[in-house]
Amino acid sequence: VSAEGRYLERDGPPLYTNMPPCSGALYWVRGLTDRIEQPMAKLKQTMRTMLATDDGQGVQRQHAAVLNLLLEFQLAQYAQWEAGIDSVTYEKLKQPLLIRDKGSLLTVNFDPALVCLLREVNYLVRLGMSIPKAADELFRLSETFRIQIGNLQMITGRDNTMQST
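The present account deals with the structure reproduced in this document. (Residues numbered from 1 in each chain as written. Predicted model: local features only at pLDDT ≥ 70, side-chain atom pairs only at ≥ 80, totals over all residues. Heavy atoms only, no water.)

### Topic: the overall build of the chain
And then number 1: Counting its regular elements, the chain contains seven helices and four strands.
And then number 2: Sequence-ordered secondary structure for the chain, helices as α and strands as β, is β-β-α-α-α-α-β-β-α-α-α.
And then number 3: The dimensions of the chain, computed from C-alpha atoms along their principal axes, are 80 × 40 × 25 Å.
And then number 4: When burial is assessed residue by residue, the chain has 26% of its 165 residues classed as buried.
And then number 5: For the chain, contacts bridging at least 24 residues in sequence account for 61% of all contacts bridging at least 6. (Helix = DSSP H or I, 4+ residues; strand = E, 2+ residues; numbered from the N terminus. Buried < 20%, exposed > 50% of the residue type's maximum accessible area, 1.4 Å probe, protein only. Contact = heavy atoms within 4.5 Å.)

### Structural notes on the nonpolar core
And then number 1: L26, W81 and L124 are the most contacted members of the largest nonpolar core, which totals 18 residues.
And then number 2: Those elements giving two or more residues to this core turn out to be α1 (21–46), α3 (54–83), α5 (112–127) and α6 (133–140).
And then number 3: Looking at this core, the element that brings in the most residues is α5, giving six residues.
And then number 4: Discounting residues that sit within four places of it in the chain, L124 has contacts with S23, L26, Y78, W81, M129 and I131. (Core = buried A, V, L, I, M, F, W, Y, C linked by side-chain atoms within 4.5 Å.)

### Some words on the side chain of Q74
And then number 1: Counting through the fold element by element, Q74 comes out in helix α3.
And then number 2: On the basis of relative accessible area, Q74 is assigned to the buried category, the value being 12%.
And then number 3: Excluding anything up to four places from it in sequence, Q74 contacts L26, V29, R30 and M129.

### Topic: the environment of L67
And then number 1: As for its position among the elements, L67 is in helix α3.
And then number 2: Residues in contact with L67, not counting those within four places in the same chain, are T33, I36 and E37.

By themselves these figures say nothing about function.
See the structure below:
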């Protein structure tokens, strides 16, 4: 089976299609950790004497080092995302929700950064991660935002149709 189309090519870890950057990276780390842990668990169960040798000890040290690097990467990704939450939340929510373009047509101005933040929180909740208070408060309103934005898009579409005829 080809992996083409299943991952988003970018700088950093590969992301599944439609995954937000932070939670996508955390999913990638968790998947990689699972793929590293399973063979080591089998080795520990079946080949204890081999792991007691110098080479076996080296493999265990390398395994622990890789897991430690993955954990550090996971913590760094989460900390970077967490640091940008307040600026996105407060700045973007203060923007006007409806704007007129140069042709006097109305458009809904719900910032894509807010949509990305809501998607991040949704996936991070699924991962069992703790969510900062500002993001959690915003996430609790996500269904209200979704409904209201849909209604506003429908209303502005009808208004723009009337304005242009």
